[in-house]
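Results of the structural survey
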There are 2 protein chains.
Amino acid sequence: MTQATSTRRRSGPSKGDLREAAILDAARRLFGEQPYESVSIDDLARAAGLSRTGFYFYFRTKGAVLTALMSRYWETLGASHVWFDSDGPSRELLREQLRSSAYLWREHAGVMKCAPTAVATSSELRDFMTRVKSRQDERASDKISRDQRDGTATTSIAAPRLAEMISAIRDARYTQLANASDADLEAAVEDIAEAIQRLVYGG
Amino acid sequence: MTQATSTRRRSGPSKGDLREAAILDAARRLFGEQPYESVSIDDLARAAGLSRTGFYFYFRTKGAVLTALMSRYWETLGASHVWFDSDGPSRELLREQLRSSAYLWREHAGVMKCAPTAVATSSELRDFMTRVKSRQDERASDKISRDQRDGTATTSIAAPRLAEMISAIRDARYTQLANASDADLEAAVEDIAEAIQRLVYGG
DNA sequence: CTCGTTTTCGACAGCGTGTCAACTTTTCTG
DNA sequence: CAGAAAAGTTGACACGCTGTCGAAAACGAG
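What you see as residue numbers is a count from 1 along each chain, following the sequence as written. By the order in which they are written, chains take letters starting at A while ligands take numbers starting at 1. Totals for whole chains, interfaces and linings use every residue, but because this is a predicted model, local features are given only for residues with pLDDT of at least 70 and side-chain atom pairs only at 80 or more, for both listing and counting. Heavy atoms throughout the structure, all of them, feed into the side-chain values; hydrogens and water do not.

In the annotation of an unreviewed UniProt entry, chain A is listed under the name TetR family transcriptional regulator and assigned to Actinoplanes lutulentus.

A few points about the packing of aromatic side chains
Defined as follows: The criterion for an aromatic pair is that two Phe, Tyr or Trp rings (for Trp, the six-membered ring) have centres within 6.5 Å, with stacked assigned to planes under 30 degrees apart, edge-to-face to planes over 60 apart and tilted to the rest. When accessible area is computed with a 1.4 Å probe and restricted to protein chains, residues below 20% of their type maximum are described as buried, those above 50% as exposed, and intermediate ones as partly exposed. Charge-over-ring contacts are defined here by two conditions on Lys NZ or Arg CZ: a distance within 6 Å of the ring centre and an angle within 35 degrees of the ring normal.
Enumeration according to the criterion identifies 12 aromatic pairs over all chains in this entry. Relative to Y36 of chain A, the ring of F31 of chain A has its centre 5.0 Å away and its plane inclined at 55 degrees; by these criteria the two rings are tilted. By relative accessible area, which is 0% here, F31 of chain A ends up buried. Plain terms: the ring middles of W83 of chain B and F84 of chain B are 5.9 Å apart, the flat faces sit at 45 degrees to each other, and that makes the pair tilted. Residue F84 of chain B is classed as buried on the basis of its relative accessible area of 7%. Connected via pairs of aromatic rings, a cluster forms that spans F55, Y56 and F59 of chain A. Over the face of the ring belonging to W83 of chain A we find K143 of chain A, whose NZ or CZ atom lies 5.0 Å from the ring centre.

Regarding the side chain of Q97 of chain B
All names here are of chain B. The test is simple: A run of H or I in DSSP counts as a helix once it spans at least four residues, and a run of E counts as a strand once it spans at least two, with each numbered from the N terminus. When checking whether two residues touch, look at their non-hydrogen atoms; a contact exists if any pair is within 4.5 Å.
Position of Q97 among the secondary structure elements: in helix α5 (residues 91-107). Classification of Q97 by relative accessible area gives buried; the value is 9%. Contacts of Q97, omitting those with residues within four sequence positions, involve S80, H81, V82, W83 and F84.

Re the UniProt feature "domain: HTH tetR-type" (unreviewed entry) in chain A
Short version of the rule: UniProt positions are given in the numbering used here, feature names are shortened, and annotations may be inferred rather than shown by experiment.
The sites that carry the UniProt feature "domain: HTH tetR-type" (unreviewed entry) are, in the present numbering, residues 17-77 of chain A. Segment residues 17-77 of chain A splits into 77% helix and 0% strand. End C-alpha atoms: 25 Å apart.

Side note on the packing of helix α9 (residues 159-174) of chain A against helix α10 (residues 182-201) of chain B
Put simply, the test is: Fitted lines through C-alpha atoms serve as axes, helices being fitted only where they are in contact, and the angles separating the N-to-C directions of these axes extend from 0 to 180 degrees. Roughly parallel means an angle under 35 degrees; roughly antiparallel means over 145; roughly perpendicular covers 65 to 115; every other angle is labelled oblique. Crossings are classed by handedness, with left-handed meaning an anticlockwise turn of the near helix from the far one by less than a right angle and right-handed meaning a clockwise turn. Residues are grouped as follows: nonpolar covers Ala, Val, Leu, Ile, Met, Phe, Trp, Tyr, Cys and Pro; charged covers Asp, Glu, Lys and Arg; every other residue, Gly included, is treated as polar.
Between α9 of chain A and α10 of chain B, the shortest axis-to-axis distance is 12 Å and the interhelical angle comes to 60 degrees. On the basis of the axis angle, α9 of chain A is oblique to α10 of chain B. Both α9 of chain A and α10 of chain B take part in a crossing whose hand is right-handed. Residues R161, M165 and I169 of chain A of α9 of chain A pack against D191, I192, A195 and L199 of chain B of α10 of chain B. Residue classes in the contact of α9 of chain A with α10 of chain B are distributed as five nonpolar, no polar and two charged.

Thoughts on the domain arrangement of chain A
All names here are of chain A. Using the following cut-off: A domain assignment, automatic or from a database, supplies the domain bounds used here. Computed with a 1.4 Å rolling probe, the buried area is the accessible surface lost when two parts are put together, summed over both parts. Any carboxyl oxygen of Asp or Glu that lies within 4 Å of a side-chain nitrogen of Lys or Arg is treated as forming a salt bridge with it. Under the rule applied, a polar contact is a pair of N or O atoms within 3.5 Å (in protein, one hydrogen donor and one hydrogen acceptor; residues adjacent in sequence only if both atoms are side-chain atoms).
Each domain of chain A was delimited in the assignment, giving domain 1 (15-60) and domain 2 (65-201). The C-alpha centroid of domain 2 is placed 29 Å from the C-alpha centroid of domain 1. With 13 residues of domain 1 at the interface, the matching set in domain 2 holds 14 residues. Taking both partners together, domain 1 and domain 2 bury about 990 Å²; carbon and sulfur atoms supply 71% of that area. Among the residues of domain 1 in contact with domain 2, L24, F31 and Y36 are the three that bury the most area, contributing 53% of the side total. The closest approach of N and O atoms between E124 and R60, which form a salt bridge, is 4.0 Å. For the interface between domain 1 and domain 2, the tally reads two residue pairs in polar contact (both at pLDDT 80 or more).

A look at the confidence of the model for chain A
Formally: Per-residue confidence from the prediction method is given by pLDDT, with values spanning 0 to 100.
On average, residues of chain A carry a pLDDT of 92, and 93% of them reach 70 or more. Counting interchain partners and residues more than four positions distant, the pLDDT-below-50 stretch residues 1-10 of chain A has 14 contacts.

What to know about α10 of chain B
Residues and elements named next belong to chain B. We count it as follows: Here the expected span of a helix is defined as 1.5 Å times the quantity of residues minus one.
In a regular helix each residue adds 1.5 Å, so 20 residues correspond to 28 Å; α10 covers 28 Å between its end C-alpha atoms and thus fits that length. Extensive coverage of α10 is indicated by the burial of 14 of its 20 residues. Positive phi appears at G202, one or two residues downstream of α10, with a value of about 75 degrees.

Some remarks on the interface of chain B and chain A
By a widespread convention, an interface's size corresponds to the accessible area lost as its parts come together. Residue-level contacts link 23 residues of chain B with 23 residues of chain A. Summed over both partners, the interface of chain B with chain A comes to about 1,900 Å²; 62% of that surface belongs to carbon and sulfur atoms. Taken together, the connections running from chain B to chain A amount to eight residue pairs in polar contact (both at pLDDT 80 or more). Contributions of two or more residues to the side of chain B that touches chain A are made by α9 (159-174) and α10 of chain B.

Considerations on the relation of the copies chain B and chain A
Put simply, the rule reads: Only residues with pLDDT of at least 70 in both copies contribute their C-alpha atoms to the least-squares superposition of the copies.
Of the transformation superimposing chain B on chain A, the axial component is 0.0 Å and the angular component is 180 degrees, with the fit at an RMSD of 0.1 Å. Both copies of the chain, as the preceding transformation shows, are related through a two-fold rotation axis. The overlap is high: 100% of the interface residues of chain B also sit at the interface in chain A, so the same surface is used on both sides.

Things to note about the side chain of S80 of chain A
Here S80 of chain A lies in the loop between α4 (62-78) and α5 (91-107). At 3.2 Å, the side chain of S80 of chain A forms a polar contact with the side chain of S100 of chain A.

Some details on the environment of Q176 of chain B
Residue and element names in this part refer to chain B. Within the secondary structure, Q176 sits in the loop between α9 and α10. Of the residues examined, Q176 reaches a relative accessible area of 46% and is grouped as partly exposed. C-alpha separation for the pair Q176 and V119, spaced 57 residues apart in sequence, amounts to 19 Å.

Right, here's the structure in full:
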């Protein structure tokens with residue numbers, strides 16, 4: 001009756017929990033194989049072993065499934081913000097932070113690539129992405145502000161703008177990482193780190 | 001008979017030409033008022049003064065209308081690439097080029113903002129945007145390569161990567177320009193110019 | 001006026017979504 | 001272990017949007 005809410009079932013992995021996991025699993029696979037738009041709720045349901053109508057017992061929309069997947073990944077990612085939490089142009093920490101996000105991105109590239117277009121049709125995902133992005137940008141902006149106050153970062157571009165530029169550069173490059181080799185990935189990290197260094201600290 | 005192709009009608013502005021213009025006009029208005037997805041072909045047709053089915057005589061899809069609008073704007077823009085055609089870090093030319101694109105973006109913000117999401121459903125628009133972007137990036141990359149050879153630009157990031165970073169930064173900022181004042185616009189140009197300067201020439 | 005072209009439209013078929021009430025299965029409780 | 005409540009499942013239905021077709025209406029030159 002309390003359809004598709006989080007505090008629904010009580011003990012152990014009931015049949016429903018398994019079904020929900022099956023849907024998420026099917027989504028992970030299907031979203032990777034074909035464009036998000038061309039995957040119907042019917043596809044998702046059948047791939048998870050139930051009829052289309054059954055899907056609605058677990059999720060309200062297709063976008064809700066994608067949001068559920070994304071939120072897991074971003075949760076993992078939130079922990080590895082070592083550079084944001086540091087002071088000054090610590091190149092090594094910057095590289096480390098970028099590296100972990102890059103690897104996570106590549107691992108879930110199939111799902112990640114759906115976000116830009118899915119945002120158009122799912123207000124749920126749109127809200128989620130907006131929240132994630134502003135939280136992320138805020139942390140970057142705070143770090144840069146700190147360094148500007150300390151005199152280590154240049155000041156001719158305001159911290160929030162620099163933060164936006166950094167996410168733009170990062171996201172654009174990550175998008176190309178779908179089938180990248182480890183070497184490609186390291187090169188991307190290196191490029192982005194160098195760019196951030198130049199933008200924020202001036203070389 | 002040659003429905004919805006470019007070489008359809010032959011002489012003068014026949015009734016059909018006016019209808020086509022009316023559809024484009026309606027689209028410009030509607031896409032600005034509501035999200036692209038929520039505008040149906042029926043909305044477009046009725047706003048242009050004909051029935052839904054009549055629409056298909058002029059355009060094959062909704063995406064084709066958007067593509068037609070976009071291609072006009074990009075054509076205008078292609079002419080103002082003064083910085084790409086120059087040599088060295090000519091800050092003034094860079095500002096000039098950015099300024100003209102920024103103003104054009106703001107003027108057509110209602111339509112421009114549709115592109116990212118419309119690309120998901122219209123292969124026609126997707127192809128167009130891909131072509132435009134790669135042509136643009138290529139010109140930027142060529143300019144930077146030249147400067148790298150001449151020793152005016154730094155070389156630790158490859159020219160094509162720098163070009164990608166520049167478009168990413170530019171596009172991200174332009175997206176926020178919908179209802180911007182002239183001052184906002186100039187500030188954006190200044191920020192982007194400064195960022196490019198640092199990325200390409202190292203300060 | 002008249003014939004061929006251009007333009008318009010209603011009818012139809014298809015697909016994906018979301019809701020509903022009825023039905024079956026599982027789980028809890030006395 | 002019975003019996004009720006909750007969880008889970010389903011087919012039928014209504015809806016909205018898309019795209020096609022063929023017939024009809026408006027148009028324009030000869």
